[in-house]
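So you can see what is in the structure, the chains are spelled out below.
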Amino acid sequence: MADSTPRWMVPTLCVVAPLTLGLAATSPGAQFAAAAQNFLMTYAGVFSLVGLSISVMVGLVATDRSLLSIRYRVLAQAVHRTASTTGMSFLLAHILVKVLAGHTEGPAKEAFGVSSVNLGVLAAVLFTTVLLSGIARIWFTAGTRPALWRGVHALCYFAWPVSIVHGLTAGRPPATWVVAGYVLSLTFVGIVLLNRVVLVVQPVDPVRAGQPVPDPTPVSRRRRKNAAAAARGETAARR
Amino acid sequence: MGHRRGVNPRTVAITADRVSSAGVVIALVVAAVLAMIVERHFLDGPGPTPLASGARTIPFSQPTGRPPRLEDQVANLMAGERGRIARMIYDAPGGTPDVTVTRQTADRSWVFGVAALPVPTSSPAMPQVALFLAHWEGRRWRAGISGGEDFRALLRVVPTRLLPATEIRALARFSVGPVRIPKIRLPWQVGESRRADTMAGPLAFDGANGQVLAATDGTIYRFCADSADNGLLMIINTSGLATLYYRLADLTRVSDGTFVRKGDYLGQPGGPGTCGGATSPTVLFGLGQGDGAIALSGRSVGGWNFRDGWAQRGDQQVMPGQMLSNLDS
């Protein structure tokens, strides 16, 4: 993980953190903080939902070998990480400014008989779990439980629709094109997911008794093994 | 490496690194802004928020309280949104709106209050009243009076430090109209009778030196209070239904925004008409919602079904000038 941290980050933090806290204590800083708070009150939730939606869609596309070549998948994974970081940052901002304003205690609208604010809380908890699983991916995949990682990370396919319902019902009434955009996104993800499920569970030729069992060793390792065997053969021939 | 097909892997790696770094930069910027907001929250002390922190340092240079002209803005809203209906009910234009701020947050960026359109002395009508909510948005007030879209929009974002959550819920229902009509008593002791002078529009009854009592549970608001003793009272039930009581004297001492129970003491009959109107010893009692009055006609109050100007209970009928008994417990 340490390798993935940009080298400039720690020095930048050391300069920016005291500067920010010092600025906030001044009058212009107060004006800026107030304007920023007002802006985040209105838009943090929107940015968060858009960021997380992009993250889910690009993340799904990045897993599909039939759609993208390896190089583009690497790029898609980078976009997936950036969209997740952005979405989760704005999610934190959204929760913080709403709690500071006391809006979590006011009357909440309802969606499907449930408080819309509670749906938002559920989605936030699920997305946080997904984020943590993303950060701990190496720990899962290096071990013997890649399936467990996939299971936890796939919680986003539940969290995302819940967050969309929260986003469309809790605040300002959404424009028609916004609703249409989310419906299209949901449909797209549904189709790609279905495609993935079909590819994964498609039947394979069963191996019957008496037939030779195919070598389960990965191709790359087999190549190395063959190369090593060939090298040994050459040495023996020279002797 | 042999052939190189498509995008160069090195270019891919560099681009991917840059894209990932962009995410880190965005996260750092958001974190810095959040740190500033939280710091201001603690520096400014308890107070509401959007604009709370900046509001203290930017627009509020007046040493004594509220910035000017909010009352004028609310008065204009009252005249604009209620003027026409007031003219119809009063049969004459209403007077200059009476606007009073009753609650505000510590930094004065959120304000709540009451407004009334005074009745001309020629009219016996119930005064047109409204609640208002205002928020300082850096350069101007955004204000709304009950029944209007601005009031509802502000109610959705008002901090609970200005209005408790239960009151916000009741006001939200009041603003769009009651969700149901609760059981309503007549505003005097159960079992006693009062002479009903008129029953068209609000009920005007002779107080007969008895106490005026709350007809429903709810939060209490007072309008046109020229002193602690006089004024018009309104009680907003959790269903959103309001009951109004006018020309009371020796008003209850509970403060604005207090939750009172059905049957609690409100005042004595025979008070002055502090919101204007014809001088009369009778007490006016009416129903209302955010955008105005609800007619008594067709409602069941105190065990009586009110018709257009008279009341009925089974075979019994009470016409104007006759005694009306409070039968509902």
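Our subject in this report is the structure included herewith. Model, not experiment: these values are computed from the prediction. (Residues numbered from 1 in each chain as written. Chains lettered and ligands numbered in written order. Predicted model: local features only at pLDDT ≥ 70, side-chain atom pairs only at ≥ 80, totals over all residues. Heavy atoms only, no water.)

## A few points about the overall build of chain A
When you go through chain A residue by residue, the secondary structure sums to 9 helices and 2 strands. Secondary structure of chain A in N-to-C order comes out as α-α-α-β-β-α-α-α-α-α-α. Across the 239 residues in chain A, those meeting the buried criterion constitute 30%. A separation of at least 24 residues holds for 70% of the contacts in chain A among residues at least 6 apart in sequence. Total accessible area on chain A is roughly 15,100 Å²; 69% of this is exposed by carbon and sulfur atoms. (Helix = DSSP H or I, 4+ residues; strand = E, 2+ residues; numbered from the N terminus. Buried < 20%, exposed > 50% of the residue type's maximum accessible area, 1.4 Å probe, protein only. Contact = heavy atoms within 4.5 Å. Areas by Shrake-Rupley, 256 points an atom, 1.4 Å probe, with all protein chains shown as cover.)

## Considering the sheet that holds strand β17 (residues 311-313) of chain B
Read across the sheet, 4 strands follow the order β15-β16-β17-β18 (chain B) without closing on themselves; strand pairing throughout is antiparallel. Strands with a single pairing partner mark the edges of an open sheet, and in this sheet they are β15 (300-301) and β18 (316-318) of chain B. (Pairing = 2+ DSSP bridges.)

## What to know about unusual backbone geometry
Residues and elements named next belong to chain B. Unusually for a residue other than glycine, Cys-224 sits at a positive phi of about 50 degrees. Along the polypeptide, Cys-224 turns up in the loop between β8 (218-223) and β9 (231-236). What makes Cys-224 buried here is its relative accessible area of 5%. In the Ramachandran plot, Arg-247 falls in the positive-phi region, its phi being about 65 degrees despite a non-glycine side chain.

## A word on the pattern of salt bridges
Residues and elements named next belong to chain B. Inspection of every chain in the model, using the stated rule, returns 10 salt bridges over all chains. Taking the shortest distance from any N to any O, the salt bridge between Arg-195 and Asp-206 comes out at 3.3 Å. Remark: Asp-206 occurs in strand β6 (residues 203-206) and Arg-195 occurs in strand β5 (residues 193-198); sequence separation between them is 11 residues. Assessed through its relative accessible area of 31%, Arg-195 is described here as partly exposed. Under the relative-accessibility criterion, Asp-206 is labelled partly exposed at 25%. Across the pair Arg-253 and Asp-229 runs a salt bridge whose closest N-O atoms are separated by 2.8 Å. Separated by 24 residues along the polypeptide, Arg-253 in the loop between β10 (242-249) and β11 (259-260) and Asp-229 in the loop between β8 and β9 bring together distant segments of the chain. Classification of Arg-253 as exposed rests on a relative accessible area of 56%. (Salt bridge = Lys/Arg side-chain N within 4 Å of Asp/Glu carboxyl O.)

## Focus: the packing of aromatic side chains
We describe a pair of aromatic rings using the distance from one ring centre to the other and the angle between the two ring planes. Tallying each qualifying case throughout the model produces 8 aromatic pairs over all chains. Between Phe47(A) and Phe90(A) the ring centres are 5.1 Å apart and the planes differ by 85 degrees, which places this aromatic pair in the edge-to-face class. With Phe47(A) in helix α2 (residues 27-63) and Phe90(A) in helix α3 (residues 70-100), the pair connects residues that are 43 residues apart, well separated along the chain. Residues Tyr245(B) and Phe285(B) carry aromatic rings whose centres are separated by 5.4 Å and whose planes lie at 45 degrees to one another, so their mutual orientation is tilted. Taken together, the residues span a long stretch of sequence, with Tyr245(B) in strand β10 and Phe285(B) in strand β13 (residues 282-289) at a distance of 40 residues. (Phe/Tyr/Trp six-rings, centres within 6.5 Å; stacked < 30°, edge-to-face > 60°.)

## Here's the deal with the interface of chain B and chain A
Across the contact, 45 residues belong to chain B and 47 residues belong to chain A. A buried area of about 3,800 Å², summed over both sides, lies between chain B and chain A, and 74% of it is on carbon and sulfur atoms. A per-residue breakdown of the area chain B buries against chain A is headed by Leu34(B), Met36(B) and Ile37(B), which together make up 16% of the total. At the boundary of chain B with chain A, the tally comes to 0 salt bridges. For the pair chain B and chain A, the number of links is 3 residue pairs in polar contact (both at pLDDT 80 or more). Every element with two or more residues in the side of chain B that touches chain A is listed here: α1 (9-44), α2 (52-57), α4 (149-157) and α5 (165-176) of chain B. With 26 residues, the single largest contributor to the side of chain B that touches chain A is α1(B). (Buried area = accessible area lost by both parts, 1.4 Å probe. Polar contact = N/O pair within 3.5 Å; in protein donor to acceptor, adjacent residues only side chain to side chain.)

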